Amino acid sequence: MMDSGVPLCSACGESVGFSNAAKEEFFVACHGCNYPLCSTCVEEEIREGRDCCFRCGEPYARNAPEKVSEETSKNEDSGVRLRSTVRPHDYEENGGHARNSSNLSMIESEINGESGNPLWKNRVDSWMEKKNKKKSAKKVEKAEIPVEQQMENFEPLEAGEPLSRIIPLSPNKLTPYRAVIIMRLIVLGLFFNYRITHPVDSAYGLWLTSVICEIWFAVSWVLDQFPKWSPINRETYIDRLSARYEREGEDSQLTAVDFFVSTVDPLKEPPLVTGNTVLSILSVDYPVDKVSCYVSDDGSAMLTFESLAETAEFARKWVPFCKKYSIEPRAPEFYFSQKIDYLKDKIQPSFVKERRAMKRDYEEYKVRVNALVAKAQKTPEEGWIMQDGTPWPGNNPRDHPGMIQVFLGHSGAHDIEGNELPRLVYVSREKRPGYQHHKKAGAMNALVRVSAILTNAPFILNLDCDHYVNNSKAVREAMCFMMDPEVCRDVCYVQFPQRFDGIDRSDRYANRNIVFFDVNMKGLDGIQGPVYVGTGCVFNRQALYGYGPPSLPVLPKSSFCSSCCCCCGGSKKAAENQNDVYRDARREDLSSAIFNLREIDNYDDYERSMLISQMSFEKTFGQSTVFIESTLMENGGVPESVNPSTLIKEAIHVISCGYEEKTEWGKEIGWIYGSVTEDILTGFRMHCRGWRSIYCMPTRPAFKGSAPINLSDRLHQVLRWALGSVEIFLSRHCPLWYGWGGGRLKGLQRLAYINTIVYPFTSLPLIAYCTLPAICLLTGKFIIPTLSNIASVWFLGLFISIILTSVLELRWSGVGIEDWWRNEQFWVIGGVSAHLFAVFQGFLKMLAGIDTNFTVTAKATDDNEFGELYVFKWTTVLIPPTTILIVNFVGVVAGFSDALNSGYESWGPLFGKVFFAMWVILHLYPFLKGLMGRQNRTPTIVVLWSVLLASVFSLLWVKIDPFINNSNGTTKSEGCISIDC
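Per-chain numbering applies: the sequence of each chain, read as written, is numbered from 1 onward. The model is predicted, so local features are restricted to residues of pLDDT at least 70 and side-chain atom pairs to those at 80 or more, both for listing and for counting; the totals for chains, interfaces and linings are taken over all residues. To obtain the side-chain values, all non-hydrogen atoms of the structure were included, while hydrogens and water were left out.

A. Representation of the sheet that holds strand E10 (residues 499-501). Strand order in the open sheet formed by three strands is E8-E13-E10, and the pairing between neighbours is mixed. Only two strands of the sheet have a single partner each, and these edge strands are strand E8 (468-469) and E10. At least two bridges found by DSSP between two strands are what make those strands a pair. Put simply, DSSP H or I for four residues or longer makes a helix, DSSP E for two residues or longer makes a strand, and each gets a number counted from the N terminus. Bridge count for E10 against strand E13 (residues 703-706) is three bridges, and the pairing is parallel. Looking at E13, one finds that Phe500 is bridged to Gly705.

Now the structure itself:
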């Protein structure tokens, strides 16, 4: 019967039969999911009171077979029906038929014999059985509840209201902004038309170089500007979230969240900094049984382990204190260092006494941690020894076993008031020589697997070790999006802006990145969502597993019936529609790791059994039954079938160094490998699958961190980011050519991603452009011919449009002009230094295989306020901008000297050249201040290299063109000879 192509009834195993006497179409009992039942079994189901499909809940076809046939033909003529994509957890939610699961197992056994996948079959059977019991229990409960009680339990109106809303910009701000952008685009076209059609013959090389640079700058502006076309703001309603999911007298229905904190070197990322981050997480305003904190120690340092134990002990006092008095922020170092009136809004008389006691306890905690740090400065020859006398397993950070320690949690220590504390877990993944560990991305993927084994919260919030929770309600802010049914369907993550402490008041090196976080990210939020910036982000765990969003179109129904209809002359239009849907839904390079699992519900029993028999979850997720089962649980939680005593052993297994071998980790699922900026790459892959992200900016910043405020560390941080962008550009994931197949990445979103990976290449034309003023001043030539009236109009219009665009952008974003100017300055500073080195290092890595090992940026600061700002560290990145500064200074001096000797007629051309040079010097002024430092002293090596390069450059030019001819054909030296000097 299988060979005949007739679907089998899932209840009795017989053929489903035909819907008409002509035997042209098979009988369809449910048009919602094509669940295979014969007409006899359908009638029996209806007689027993089960008139709805047990899988999807839609009513069975009660009418005659002829009407069923008519409806089926209509559906086929109108093309394939689009519906929500079925993910693995959707399959569970829809509720499969128990008889279907047993029949499925039987068919698969017949086909595959002993080579089938019993893990999958047993899981399907258990899911369906549990779901059937839950559904039947709900029906009985609903029938027994009186009408009066149902009315009493009816949700209030407030609980049904949206948890967030979009606040579009006022047309008074947005319309002029867009008009100026269009005007600037038109003026740019006219400007380039003039520049290209009016070459400078006397300085053709300089003119050509300047035009090429200007064209590149224009393209960069387009890539940066147009993704900001539709900026939006958002507003959340935390009170509505509580009203809906936290009823008085009932258990909280808020969804659980797993926090990830990553650290590597405790000597560069001080344990006190990490400890404050952990303490702020453990004390968030969220149900304690819904919070778990996982700390990844990728350096396997016993210092991190022991300091985390001290942190767990101090948390027993700190967490109840925070929640009792609702203090903010809940990182003790930053709370006690606030220069504000801490008695404001405090009415409990015991607060002052308890605050003093808590501050004393925190000082004692700091002394204990600092003692551990002092002890760790020198490693013993025999390695570190634990308190029980056994050697520390992680003495060799490159060759050690996996380690997991649960400090707090359901079975761990309670706080001093006897209340339960959130779970705190220490994780150090296994490392062995010969394995690729993929740095931070590999550590984050290890945390994904460990957390799935131990807690399996549906949402994940990752933070850097130096980013503490500044707003205790930040998780609730994110849940206003993640738990709102009207919003959350396609949301892969909620990104919060980064805010920083300890930055100098003038923000000399644009550490705050205000323009990016308050302008660019708002613009992206109006398209497909902000990019992932590596920290302060709440993920949907299912998105990390490689699944697409539920709203995507699925493959058309793959039934033998439709095949027969097509063969019998189905309409050409219907076939074209099916092809269109199939093309849109193709996975190609955008596919999730489990390439056909979400479409499993589109096949009949025989086809489904063939499909399942070919699936191998182990090839995707690795050899862990517990983890595979957890990936298919929509609402999270540990699988009921798992023995709790084996969880730690299983968690150790999933962080072994060989676990990811021959799996899709880092390729299709989890944090994506291939770049030091794994954040951009991971978010890009999610957006390519059709997900969207959300930008959340609460009034009180959700998280705050530290940033390197001295020049050298700041440039190395920018170098790392730029190198990651170059690596993505040179990889198969480059937005220029990746992800076109599915059409799920919006055009403006793609422009934004292209901008994130091509901006380092702007360093090449930028360096050339910044040296042009000095060349013009030294040679007396210029890149622009004598301006006509019309040319003056184009130049003036370009400058006015640039100014208006910036002013209107600041107007709708609320960014200050000082922040904007600092951003412009550092764009030039980073462009002529770090970005240039990133381009060369990226190509060296691709062509020669020379990898650059980056050191972790130090998180500690000087004892004096902003003392770190004046710390100077030698680095080769400083040489190019220093050379540009000196060359331009020399050019300005030479230009004025020449003008003084040449008379008044040379002052006019000199003005444009000097203005050009001063534009470069003003942009590099913060860099110049950084070179001088607090004592106004510059390292000798910087001066030597810069003077050397500037001298070589100047002498080389003099050698090439030592004199400039005047209109009479005589040289200036001859003119000078004729004058009595």
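B. Geometry of unusual backbone geometry. Omega for the peptide link from Glu328 to Pro329 comes to -10°, which places this bond in the cis form. One can find Pro329 in the loop between helix H11 (302-325) and helix H12 (332-336). Notably, His438 is not glycine yet its phi reads approximately 60°, a positive angle. The residue His438 is located in the loop between strand E6 (423-428) and helix H14 (439-454) in this model. One non-glycine residue, Lys439, lies in positive phi territory at about 50°.

C. Local environment of the pattern of salt bridges. Salt bridge, as used here, is a side-chain nitrogen of Lys or Arg placed within 4 Å of a carboxyl oxygen of Asp or Glu. Across all of its chains, the model carries 28 salt bridges by this definition. Here the salt bridges do not stand alone but share partners, grouping Glu246, Asp285, Lys473 and Arg476 into one network.

D. Main features of the packing of helix H24 (residues 678-688) against helix H26 (residues 747-758). At a minimum axis distance of 12 Å, the contact between H24 and H26 shows a crossing angle of 160°. Considered as vectors, H24 and H26 are oriented roughly antiparallel to each other. For the element pair H24 and H26, the recorded crossing hand is left-handed. Mapping the contact onto sequence places Ile680, Gly683, Phe684 and His687 in H24 and Gln749, Tyr753 and Thr756 in H26. Throughout, the ten residues Ala, Val, Leu, Ile, Met, Phe, Trp, Tyr, Cys and Pro are labelled nonpolar, Asp, Glu, Lys and Arg are labelled charged, and all others, Gly among them, are labelled polar. Taken together, the residues of the contact of H24 with H26 sort by class into three nonpolar, four polar and no charged. Note on definitions: angles span 0 to 180 degrees between N-to-C directions of axes, and those axes are lines fitted to C-alpha atoms, for helices only across the stretch in contact. To sort the angles, those under 35 degrees are grouped as roughly parallel, those over 145 as roughly antiparallel, those from 65 to 115 as roughly perpendicular, and the leftovers as oblique. By definition, any crossing whose near helix is turned counterclockwise from its far helix by less than a right angle is left-handed, and any crossing with a clockwise turn is right-handed. Only heavy atoms matter for contacts: two residues are in contact if any of them lie within 4.5 Å across the pair.

E. Focus on a nonpolar patch on the surface. Patches draw on residues past 30% relative accessible area with no salt bridge. Two like charges within 9 Å are joined, as are two nonpolar side chains (Val, Leu, Ile, Met, Phe, Trp, Tyr) within 5 Å. Each accessible area value is a Shrake-Rupley result obtained with a 1.4 Å probe; residue values ignore everything except the protein chains displayed when judging cover. On the surface, Met183, Leu796, Ile800 and Leu804 cluster together into a nonpolar patch covering about 330 Å² of accessible area. With three residues, the top contributor of residues to the nonpolar patch is helix H28 (residues 789-813). With respect to the helices and strands, the residue Ile800 is situated in helix H28.

F. Structural detail: the nonpolar core. Put simply, buried Ala, Val, Leu, Ile, Met, Phe, Trp, Tyr and Cys residues joined by side-chain atoms within 4.5 Å make one nonpolar core. Relative accessible area decides the class of each residue, using a 1.4 Å probe on protein chains only: under 20% of the type maximum gives buried, over 50% gives exposed, and in between gives partly exposed. Within the largest apolar cluster, 71 residues are counted, with the highest numbers of intra-cluster contacts made by Phe259, Cys293, Trp318, Leu424, Met479, Val494 and Val538. Broken down by element, the residue count for this core peaks at 12 residues, all from H11. Not counting the four nearest positions on each side in its chain, Cys293 is found in contact with Phe259, Val261, Val278, Ile281, Leu282, Arg423, Leu424 and Val425. Grouped together as the second largest cluster of nonpolar side chains are 68 residues, Ile460, Ile527, Ile728 and Leu745 included.

G. Representation of the environment of Leu272 within the structure. Looking at the secondary structure, you find Leu272 in helix H10 (residues 271-282). Leave out the neighbours within four places in its chain, and Leu272 touches Tyr362, Tyr365, Lys366, Val369 and Asn370.

H. Representation of the pairing of strand E4 (residues 291-297). For E4, the tally of buried residues reaches seven of seven residues, placing the bulk of the element in the interior. Alternating residues of E4 divide into Val291, Cys293, Val295 and Asp297 and Ser292, Tyr294 and Ser296, and every residue in both groups is buried. Pairing of strand E3 (residues 257-263) with E4, which is carried by seven bridges, proceeds in the parallel orientation. Residue pairing across strands places Val257 opposite Val291, the latter belonging to E4. If you view a crossover with the strands going away from you and the path from the first strand over the helix to the second runs clockwise, you call it right-handed. Crossover E3 to E4 through H10 is right-handed.

I. The packing of aromatic side chains, seen in detail. What counts as a ring pair is set by centres within 6.5 Å for rings of Phe, Tyr and Trp (its six-membered ring), and what kind of pair is set by the plane angle: stacked under 30 degrees, edge-to-face over 60, tilted for all other angles. Enumeration according to the criterion identifies 44 aromatic pairs in this entry. Taking 6.1 Å as the distance between ring centres and 90° as the angle between the ring planes, the aromatic pair formed by Phe260 and Tyr294 counts as edge-to-face. Separated by 34 residues along the polypeptide, Phe260 in strand E3 and Tyr294 in strand E4 bring together distant segments of the chain. Judged by relative accessible area, which is 0%, Tyr294 ranks as buried. A centroid spacing of 5.8 Å and a plane angle of 80° characterise the contact between Tyr545 and Phe621, whose relative ring orientation is edge-to-face. Of the two residues, Tyr545 is situated in the loop between helix H17 (541-544) and helix H18 (560-567) and Phe621 in helix H21 (residues 617-621); the sequence distance between them amounts to 76 residues. Ring-over charges, as used throughout, are those where CZ of Arg or NZ of Lys falls within 6 Å of the ring centre and within 35 degrees of the ring normal. Sitting over the ring of Trp665, Arg449 keeps its end group 4.8 Å from the ring centre. If you follow Arg750 out to its NZ or CZ, it ends over the ring of Trp740, 3.9 Å from the centre.

J. Quick look at helix H33 (residues 925-932). Residues Pro926, Phe927, Gly930 and Leu931 constitute the buried set of H33. Projected down its long axis, H33 shows its buried positions confined to an angular sector of 145°, all on one face. As used here, the arc is the angular range of directions from the helix axis to the C-beta atoms.

K. Layout of the UniProt feature "active site" (unreviewed entry) in the protein chain. UniProt feature "active site" (unreviewed entry): in the numbering of this structure it lies at Asp298 and Asp679. Relative to the elements of secondary structure, Asp298 occurs in the loop between E4 and H11. Among residues more than four places away in sequence, those in contact with Asp298 are Thr263, Val264, Arg429, Lys431, Lys439 and Ala443. For Asp298, the side chain forms a polar contact with the side chain of Arg429, separated by 2.7 Å. Tracing the backbone through its elements, the reader meets Asp679 in helix H24. The class for Asp679 is buried, based on a relative accessible area of 13%. Leave out the neighbours within four places in its chain, and Asp679 touches Tyr532, Val533 and Gly534. UniProt positions are given in the numbering used here, feature names are shortened, and annotations may be inferred rather than shown by experiment. Under the rule applied, a polar contact is a pair of N or O atoms within 3.5 Å (in protein, one hydrogen donor and one hydrogen acceptor; residues adjacent in sequence only if both atoms are side-chain atoms).

L. A look at the sheet that holds strand E11 (residues 537-540). On the basis of which strands lie adjacent, the open sheet formed by eight strands has the order E5-E6-E4-E3-E7-E11-E9-E12 and mixed pairing. In this open sheet, the two edge strands, each paired with only one partner strand, are strand E5 (403-408) and strand E12 (692-695). When the angles between neighbouring strand axes are averaged without regard to direction, this sheet yields 20°. As defined by bridge partners, strand E9 (residues 491-495) adjoins E11 across three bridges and the pair is classed as antiparallel. Residue pairing for E11: Gln495 is matched across the bridge by Cys537. Here H11 sits on the sheet in contact with E3, E4, E5 and E6, set at roughly 15° to E5.

M. Structural context of the side chain of Asp518. Checked against the element boundaries, Asp518 lands in helix H16 (residues 514-525). Side-chain polar atoms of Asp518 contact the side chain of Arg499, separated by 2.9 Å. If we skip the residues at most four places from it in the chain, Asp518 touches Arg499, Met697, Trp812, Ser813 and Val815.

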